[in-house]
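Structural overview for review
Residue-level listing of the chains:
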Amino acid sequence: MHEVPPPTSTSTSTSTPAPAPGPSSSAVPAEPLSHGLKQRHLTMLGLGGVIGAGLFVGSGAGIAVAGPAIVVSYLIAGALAMLVMRMLGEMSAAMPASGSFSVHAERALGRWAGFSVGWLYWFLLVVVLAVEATAAAQIAHGWVPGIEPWAWVLLFMVVFTAANLTAVKNFGEFEFWFASLKVGAIVVFLVLGLLAVFGWLPDTDPVGMTNLTGQGGFLPNGWGGVVSGVLTVVFAFGGLEVVTIAAAETDDPARAVGRAVRSAVVRILFFYVGSMLVIVTVLPWTAQQAGLSPYVKVLDAIGVPSAGQIMNIVVFVALLSALNANLYGSSRMIFSLAERGEAPRGLLKVSGGGSRESTGGVPRRAVLASVAFGFVSVLLNLLWPDTVFLYMLNSVGAVLLFVWALIAASQLRLRARLEQEAPEALSLRMWCFPYLTWVTLAGLFGVLLLMLTDEAARPQVLWSAGATALVLLVAVGRQWRERRGSAVADR
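Here we summarise the structure given alongside this text. Predicted model, so just to flag it, every value in this text is computed and none were measured.

1. Thoughts on unusual backbone geometry
In this structure, the amide linkage connecting Phe433 to the following residue, Pro434, adopts the cis form with an omega of 0°. Along the polypeptide, Pro434 turns up in the loop between α17 (399-421) and α18 (435-453). Positive phi, normally seen in glycine, also occurs at Ser100, with a value near 45°. The residue Ser100 is located in the loop between α4 (70-94) and α5 (101-109) in this model. On the basis of relative accessibility, which here comes to 0%, the residue Ser100 falls in the buried class. A positive phi angle is found at Ser306, which is not glycine, with a value near 55°.

This is the structure:
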């Protein structure tokens, strides 16, 4: 792997365009970015990246439609996410890059694929960033009513922009402690839940398995409820991808991403599925309501004082953690696009400082570009939450599934090439290749088809398909113009 020397000043860095797709592209040039992230940062980013409000609050909607079988829904959705991450980990360990799956898609399928998946993912992150900032501001406003939500949003954006503009280790430290708090909260919850199940808490009787078999049984709404549960919870696993983006800023990207992927997917399945099993065992599933945290319900039931406020703090931290991670991921994705000529080259400017381990190698313009669009999204969310911003949110609603599908398609192509020309680069391998890759693709398309049949989810698929088609049209148009220009120049 050829090393690109770090910039010695704040001048725009020169970067080599990504080589044409092919096996030789496994020799990926190193990024002119900092190497300030440590293994502990990456591991906790993998754990904390997907433990957010979708789990702590959104899981109530899944329980309401699937009952105790929500455990099966999480197993199915978690298995899909785990397979996608294994594929992504394989490619990222062999070819680490700040653009991660966007770079892989370009090398496997062509520039149109790298352009499309990169811009779609960037758009997804900056739109979701607005949701997280607004939700965190509402919680903070409840604690301090004298400060308006818009002021809280401004404060959050300024703090995390500042953290991302300095050394990358600041981002890593923020995420490490945020993730540690979330993981710690789930561990405490699991311990208390198990004690309640066995009646080992003061003034409690053993719960047993009654709630798993009562109120209509384990499958009160049949397998249709399980499928509806999958549609509700699958997007809660979005965020794992940032691990492979961040791996490019570690000292040993290939080893770091391999360890992070191996540990994160198993532990996340444990936390998600374990939490759901405790929730539906301690309380009847009929006690849960969409929009209300099932964690609060359980903690109230077992007598934990101020359970609502405790979970508010945890959700608040989870939202800020996701905001921080999304700002980081979006800035690195658009920086990678600029490296390959798919975004304005002015975004390539990185901070200097003479040492990539200190304050150098931070793509500050890419950070500012991402946060600027994030601010626009926040304003749209505050001013027109039910019209303009709702359309934007719907337009990214199913983008994660499109991204995952392109990751699987890229892995199908790149794995075969790597096995022929650089088998030593495959330090982390996808299981049962290519069969599980095809199974994953079928599962993703199955989820999309099921969303089309669901009245609530259908607008997300249609709007997301429209946004994807628009980006693909731009990508194909750019490629056609470049080929036409080359043909004219050759005459």
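2. Comments concerning the environment of Leu33
Take Leu33: it is sitting in the segment before α1 (39-48). Of the residues examined, Leu33 reaches a relative accessible area of 0% and is grouped as buried. For Leu33 and Val388, which are 355 residues apart along the polypeptide, the C-alpha to C-alpha distance reads 36 Å.

3. Describing the packing of aromatic side chains
Enumeration according to the criterion identifies 21 aromatic pairs in this entry. Taken together, a centroid distance of 5.5 Å and an interplanar angle of 80° make the contact between Trp119 and Trp122 edge-to-face. Taken together, the residues Trp119 and Trp122, both in helix α6 (residues 111-143) and three residues apart, mark about one turn of the helix. The exposure class assigned to Trp122 is buried, which follows from its relative accessible area of 8%. Measuring from centroid to centroid gives 4.6 Å for Phe189 and Tyr295, while their planes differ by 50°, and the two rings are tilted. Taken together, the positions of Phe189 in helix α8 (residues 168-197) and Tyr295 in helix α13 (residues 294-301) put the pair 106 residues apart, joining distant regions of the chain. What makes Tyr295 buried here is its relative accessible area of 1%. Three or more aromatic residues link up through ring pairs in this structure, and these residues are Phe115, Trp119, Trp122, Phe123 and Phe373. Looking at Arg40, its charged tip hangs above the ring of Phe176, at a distance of 4.6 Å from the centre.

Parameters at a glance
Residues numbered from 1 in each chain as written. Predicted model: local features only at pLDDT ≥ 70, side-chain atom pairs only at ≥ 80, totals over all residues. Heavy atoms only, no water. Helix = DSSP H or I, 4+ residues; strand = E, 2+ residues; numbered from the N terminus. Buried < 20%, exposed > 50% of the residue type's maximum accessible area, 1.4 Å probe, protein only. Phe/Tyr/Trp six-rings, centres within 6.5 Å; stacked < 30°, edge-to-face > 60°. Lys NZ or Arg CZ within 6 Å of the ring centre and 35° of its normal.

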